[in-house]
Amino acid sequence: MTNYWLIKSEPSAFSWQEQLRNKIEPWTGVRNHQAKKNLQSMKKNDLAFFYHSNEGKEIVGIVRIDKEAYPDPTDTEHRWFCVDVETICSVPVPITLKKIKSIPELEDIALIKQSRLSVMPITSEHWKILCDLGNVKL
DNA sequence: GCCAACGTTGGC
DNA sequence: GCCAACGTTGGC
């Protein structure tokens with residue numbers, strides 16, 4: 001069964017446009033224990049929203065987990081992990097944080113409740129609501 | 001083990 | 001640019 005996730009990136013550091021070009025990207029640099037735990041819970045073929053933090057503040061794309069957690073090559077002490085994500089599609093109507101905050105059914109989403117967490121699970125119910133909002137047809 | 005000081009994230 | 005929330009560090 002497929003699990004759902006949301007991963008954040010600041011466009012100035014790594015944008016959706018770069019993800020579109022690269023197709024498959026190692027998701028490195030996560031340095032938070034809860035986010036690390038979430039990375040390690042990801043299974044191949046799980047799906048994730050790609051969210052632009054700081055600039056944009058909207059869900060712009062969907063990726064699929066291509067390779068499960070392995071040691072982050074950017075961490076010389078080998079304490080942190082990363083996954084590989086594969087581009088699936090852009091979200092036709094980007095889902096803004098403002099929009100998400102306006103939907104009562106989404107008030108418990110980690111994106112709002114734990115605003116500093118960069119890798120988080122999304123329930124299948126929330127995933128469906130968000131796909132409808134973004135006019136996503138998978 | 002506690003907590004003050006400090007650093008970072010990310011929305012506004 | 002500000003600041004709330006949260007994580008980390010280091011003295012005690």
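Calculation criteria
Residues numbered from 1 in each chain as written. Chains lettered and ligands numbered in written order. Predicted model: local features only at pLDDT ≥ 70, side-chain atom pairs only at ≥ 80, totals over all residues. Heavy atoms only, no water. Core = buried A, V, L, I, M, F, W, Y, C linked by side-chain atoms within 4.5 Å. Buried < 20%, exposed > 50% of the residue type's maximum accessible area, 1.4 Å probe, protein only. Contact = heavy atoms within 4.5 Å. Near = heavy atom within 4 Å. Polar contact = N/O pair within 3.5 Å; in protein donor to acceptor, adjacent residues only side chain to side chain. UniProt positions renumbered as here; feature names shortened; annotations may be inferred. Helix = DSSP H or I, 4+ residues; strand = E, 2+ residues; numbered from the N terminus.

### Focus: the nonpolar core
- The biggest cluster of nonpolar side chains holds 39 residues, and the ones touching the most others in it are Ile-59 and Leu-130.
- Residues within four places of Leu-130 in sequence aside, it is in contact with Phe-49, Ile-59, Ile-95, Ile-100, Leu-106, Ile-109 and Ile-122.

### Observations concerning the protein's contact with DNA strand B
- Lining the immediate surroundings of DNA strand B are Lys-8, Tyr-51, Ser-53, Asn-54, Lys-57, Leu-97, Lys-101, Ser-115 and Arg-116.
- The sugar-phosphate share of atoms of DNA strand B within 4 Å of the protein amounts to 71%.
- For DNA strand B, a phosphate oxygen lies 3.0 Å from a polar atom in the side chain of Tyr-51.
- Separating a base oxygen of DNA strand B from a side-chain N or O atom of Arg-116 is a distance of 3.2 Å.

### Some words on the UniProt feature "domain: EVE" (unreviewed entry) in chain A
- UniProt feature "domain: EVE" (unreviewed entry): in the numbering of this structure it lies at residues 3–132.
- Here residues 3–132 is 27% helix and 38% strand, with 18 Å between the C-alpha atoms at its ends.

### Quick look at the protein's contact with DNA strand C
- In the vicinity of DNA strand C, the contacting residues are Asn-32, His-33 and Arg-116.
- Restricting the count to atoms of DNA strand C within 4 Å of the protein gives a sugar and phosphate share of 42%.

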